[in-house]
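Chain residues, written in single-letter form:
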Amino acid sequence: TPLSNRHGMGVASSLAGVVVARAFYTLRTPKHPAPGEARHLTSSGMGEGRVLSISSSVVYGYVGNKASTFPMQLLGFDVDPINSVQLSNHTGYKIFRGQKLEGVDMDKLMEGLEKNDFLATYTHLMTGYLGKETFIERVSSIVLKMKERNKNLLFVCDPVMGDNGKLYVPEAFISIYRDKLIPHAALVTPNQFEAEKLSESKITDLDSAYQAAAQIVRRGAKNVVITSLELKGRQEDYIDVIAVGESIGKGRYYHLALPRQPGKYSGCGDLCTSLLLVWFTKHPGDFKAILEKTFASIQSVIRRTRTYGTKRCGWTELELIASRGDIALPKITQRASECQVSSACS
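Each value, and the rule that gives it
- Residues numbered from 1 in each chain as written.
- Predicted model: local features only at pLDDT ≥ 70, side-chain atom pairs only at ≥ 80, totals over all residues.
- Heavy atoms only, no water.
- Helix = DSSP H or I, 4+ residues; strand = E, 2+ residues; numbered from the N terminus.
- Buried < 20%, exposed > 50% of the residue type's maximum accessible area, 1.4 Å probe, protein only.
- Pairing = 2+ DSSP bridges.
- Right-handed = clockwise from strand over helix to strand, strands pointing away.
- Expected span 1.5 Å × (residues − 1).
- Arc of directions from axis to C-beta.
- Contact = heavy atoms within 4.5 Å.
- Phe/Tyr/Trp six-rings, centres within 6.5 Å; stacked < 30°, edge-to-face > 60°.
- Lys NZ or Arg CZ within 6 Å of the ring centre and 35° of its normal.
- Core = buried A, V, L, I, M, F, W, Y, C linked by side-chain atoms within 4.5 Å.
- Salt bridge = Lys/Arg side-chain N within 4 Å of Asp/Glu carboxyl O.

**A few points about unusual backbone geometry**
Phi is positive for Asp117, close to 60°, though the residue is something other than glycine. Looking at the secondary structure, you find Asp117 in the loop between α4 (103-115) and β4 (124-127). The phi angle at Glu200 is positive, at roughly 55°, despite the residue not being glycine. With respect to the helices and strands, the residue Glu200 is situated in the loop between α7 (192-199) and α8 (206-218).

**Section: the pairing of strand β5 (residues 154-157)**
Of the two faces of β5, both are covered, the one formed by Leu154 and Val156 as well as the one formed by Phe155 and Cys157. With four bridges joining them, β4 and β5 adopt parallel strand pairing. The residue of β5 that forms the bridge with Leu125 is Phe155. For the crossover that starts at β4, traverses helix α5 (residues 133-149) and ends in the parallel β5, the hand is right-handed. Here two bridges tie β5 to strand β8 (residues 187-188), and the two strands are oriented parallel to one another. Paired with Cys157 across the bridge in β8 is Val188.

**Comments concerning α4**
The first and last C-alpha atoms of α4 sit 18 Å apart over 13 residues, in line with the 18 Å expected at 1.5 Å per residue. Among all positions of α4, only Gly103, Met106, Met110 and Leu113 are buried. All buried residues of α4 fall inside an arc of 80° around its axis, so they share one side. For α4, the exposed residues set more than 90 degrees away from the buried face come down to Lys108 and Lys115. In the core, the buried residues of α4 are packed alongside β1 (49-58), β2 (77-87) and α5. Within two residues after α4, Asp117 carries a phi angle of roughly 60°, on the positive side.

**Focus: the packing of aromatic side chains**
Taken as a whole, this structure holds three aromatic pairs when the rule is applied. A cation sits over an aromatic face here: Lys66 above Tyr62, 5.3 Å from the ring centre.

**Some words on the nonpolar core**
The biggest cluster of nonpolar side chains holds 56 residues, and the ones touching the most others in it are Ile54, Leu130, Tyr177, Leu181 and Ile242. In terms of residues, this core owes the most to one element, α8, which gives seven residues. Contact partners of Leu130, with chain neighbours within four places excluded, come to Ile54, Ser84, Phe135, Ile136, Val139, Phe173, Tyr177 and Leu181. Counting 39 residues, the second largest nonpolar core, distinct from the first, contains Leu154, Leu256, Tyr265 and Cys268.

**Quick look at the pattern of salt bridges**
Counted by the stated rule, this structure contains 18 salt bridges. For Lys282, the salt bridge is made with Glu48, and the minimal N-O distance between the two is 3.0 Å. Here the residue Lys282 occupies a position in helix α9 (residues 268-282), and Glu48 occupies one in the loop between α2 (8-12) and β1, the gap between them amounting to 234 residues. Taking the shortest distance from any N to any O, the salt bridge between Arg50 and Asp80 comes out at 2.8 Å. Of this pair, Arg50 sits in strand β1 while Asp80 sits in strand β2, placing them 30 residues apart in sequence. Accessibility expressed as a relative area gives 21% for Asp80, which makes it partly exposed.

Below, the structure is given as structure tokens:
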């Protein structure tokens, strides 16, 4: 059940981590910035950047683009969503209706964006749940096309494939992510199960988590954050997060231990990736700040949801809008540590 389990049990229960209508640009903002130009404009022009976000969406609740768009907009980004899947509600409910886009549907959307010369305006590309095999194949070609238009494009890839030992996309997705998407990503954000699939290794402790993330880096990703680790001897009380990447150095990683919060909450993985994109952009290379701010907000959203949210079918929809203050100004209580492989982190 990709629209409920993904980072639900795996992150949300474990993590305890204003839809703004954008006006038309003013005349002083270039209509179509040249490749790379948009990224350097300030808040007087295009804010922090413009994100093309390709993921699932629902009418009711907060999953996929519904969970990720608002936080990015709140923190200064323009966001244009493409919904790979459009459902009435997430699949944790007994009844849901909707459809998945095919590759040909993506072709039509991209044709409109290309003919209007919009692709060059994007500073960021973010991908989440991609649904069908024909759709993810199109996305892999879109990454290359967008990087041709803007060599500074920042691609954040959440390789949504499964959780809790279960794959809920076709097996072919693993090699497509590994060979066609990850090599172009500035940041990859798998959960433990996905990191194991992508690295073809088993994660049992922090050292093996580092090795899995490092293997994904060797495949071309510049940075990897494994967003939820349930490690032996710690899984009852903590969820662990690690970051590995070019700015941290070989044999080193950042580690954050989060107290586990009970419950099942849909959309936390999508919220997580959107906040990682934001803070990765605002604090380039500073993974201590990136992890602390991202997961401080997620922890606060979960706490508010536990207190005020309504549980349906065993799941609780995020109190996302009510938590806007915690998203805009994260209150950091857990600190990330820089660690070396085989050293003790807690």
